[in-house]
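# Structural description and commentary
Chain residues, written in single-letter form:
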Amino acid sequence: AGTASLTGSLLTKGTEKMTAPEIANAIESLGGTIFSSGVSDYSNAGVLVMSSKAEPALTILADVVLHPAFKQEEIDRLKKQSLDGLRVALQQPGSLASYVLGRVVYGDGEYGHASGGTPETLPAIQRSDIVDFYQNYYRPDNATLVFSGNVTFEQGKEYAEKFFGSWKVNQTAPHAVTPTAGAWKPTTVVVDMPEAGQASVSIS
């Protein structure tokens, strides 16, 4: 748990050609923003700029998507940040309730795992796990390219071919993801947090 989240977030943290600061500075010089993430159902990467800056921005976005470096120092930094945030979240009744709810409803299936990881799984994730996840799931036959704004259909086709035309299918078959809720019956779960000043109630 947490591998997809780390992989998605690391896309903008350095490529084979650019470091994370260089990516940020390049996008900032275009007056834009770049983002990437991974959640339970999907991962994404995108850029927001003026239409006149589309080509240089897409050059950076394509590099981020197609050539992430997954540098160990960036992995270590992001894992620490994620663990710090998780420790804080687990002290909040509402956040803890959402984690427990997913586990109760979906069990040990894919949706039963916290997408951001747990205090046990995050330290165990290795760079090889992230690279394997990227190679299995980040592939052109498993992706959708979306343009929104002052871009015509023909321009979009040209951009797709120019910036992502070299993206080849990894022949490794992706893993099927099937929600497994199993036989479910009404259940009441109580998490005792005597130090909490509030209570959270969730129904699903």
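For the structure itself, consult the block above.
Below is a summary of the structure that appears in this document.

Calculation notes
Residues numbered from 1 in each chain as written. Predicted model: local features only at pLDDT ≥ 70, side-chain atom pairs only at ≥ 80, totals over all residues. Heavy atoms only, no water. Helix = DSSP H or I, 4+ residues; strand = E, 2+ residues; numbered from the N terminus. Buried < 20%, exposed > 50% of the residue type's maximum accessible area, 1.4 Å probe, protein only. Areas by Shrake-Rupley, 256 points an atom, 1.4 Å probe, with all protein chains shown as cover. Lys, Arg positive; Asp, Glu negative; His and termini not counted. Charge placed at Lys NZ, Arg CZ, Asp CG, Glu CD. Contact = heavy atoms within 4.5 Å. Core = buried A, V, L, I, M, F, W, Y, C linked by side-chain atoms within 4.5 Å. Salt bridge = Lys/Arg side-chain N within 4 Å of Asp/Glu carboxyl O. Arc of directions from axis to C-beta. Polar contact = N/O pair within 3.5 Å; in protein donor to acceptor, adjacent residues only side chain to side chain.

## With respect to the overall build of the chain
A tally of helices and strands in the chain yields eight helices and two strands. Going from N to C terminus, the chain has its helices and strands arranged as α-α-β-β-α-α-α-α-α-α. Looking at the chain as a whole, 33% of its 204 residues are labelled buried. As presented, the chain carries roughly 12600 Å² of accessible surface, and 53% of it is formed by carbon and sulfur atoms. Here the chain contributes 15 positively and 21 negatively charged side chains, and the mean placements of these two sets differ by 2 Å.

## Overview of unusual backbone geometry
Phi is positive for Phe70, close to 50°, though the residue is something other than glycine. Structurally, Phe70 is set in the loop between helix H3 (54-66) and helix H4 (72-89). Classification of Phe70 as buried rests on a relative accessible area of 4%.

## With respect to the side chain of Thr3
Considering the arrangement of structural elements, one finds Thr3 in helix H1 (residues 3-10). Excluding its chain neighbours within four sequence positions, the residues that come into contact with Thr3 are Ile125, Asp129, Ile130 and Phe133.

## Description of H1
Of all eight residues that make up H1, eight are buried, and the element is covered over most of its length. Of the residues making up H1, those classed as buried are Thr3, Ala4, Ser5, Leu6, Thr7, Gly8, Ser9 and Leu10. Buried residues in H1 make contact with strand E1 (33-38), strand E2 (43-48), H4, helix H6 (121-124) and helix H7 (127-137).

## Description of the nonpolar core
Leu6, Leu10, Ile60, Phe70 and Ile130 are the most contacted members of the largest nonpolar core, which totals 25 residues. If you list the elements that add at least two residues to this core, you get H1, helix H2 (20-29), H3, H4 and H7. Not counting the four nearest positions on each side in its chain, Ile130 is found in contact with Thr3, Leu6, Thr7, Leu10, Phe70, Ile75 and Ile125. Among the nonpolar cores identified, the runner-up in size contains 10 residues, and Ala54, Val65, Tyr159 and Phe163 belong to it.

## Describing the pattern of salt bridges
Using the criterion set out here, one finds five salt bridges in the structure. Asp84 is the partner of Lys80 in a salt bridge, and the nearest nitrogen-oxygen pair spans 3.1 Å. Taken together, the residues Lys80 and Asp84, both in helix H4 and four residues apart, mark about one turn of the helix. Here Asp84 makes a salt bridge to Arg87, at a shortest N to O gap of 3.2 Å.

## Remarks on H2
Here H2 has its buried residues at Ala20, Ile23, Ala26 and Ile27. The buried residues of H2 all sit within an arc of 130° when viewed along its axis, so they share a single face. Turned more than 90 degrees from where H2 packs its buried face, Pro21, Glu28 and Ser29 sit exposed. In this structure, the buried residues of H2 make contact with E1, E2, H3 and H4. Count one or two residues on from H2 and you reach Gly31, which has phi positive near 70°.

## Observations concerning the side chain of Lys79
One can find Lys79 in helix H4. Buried charge without a partner: Lys79 forms no salt bridge, and the closest opposite charge is Asp76, 5.1 Å away. Within polar-contact distance, the side chain of Lys79 engages the backbone oxygen of Leu122 at 3.4 Å. Ignoring anything within four residues of it in the chain, the contact list for Lys79 reads Leu6, Leu122, Pro123 and Ile125.

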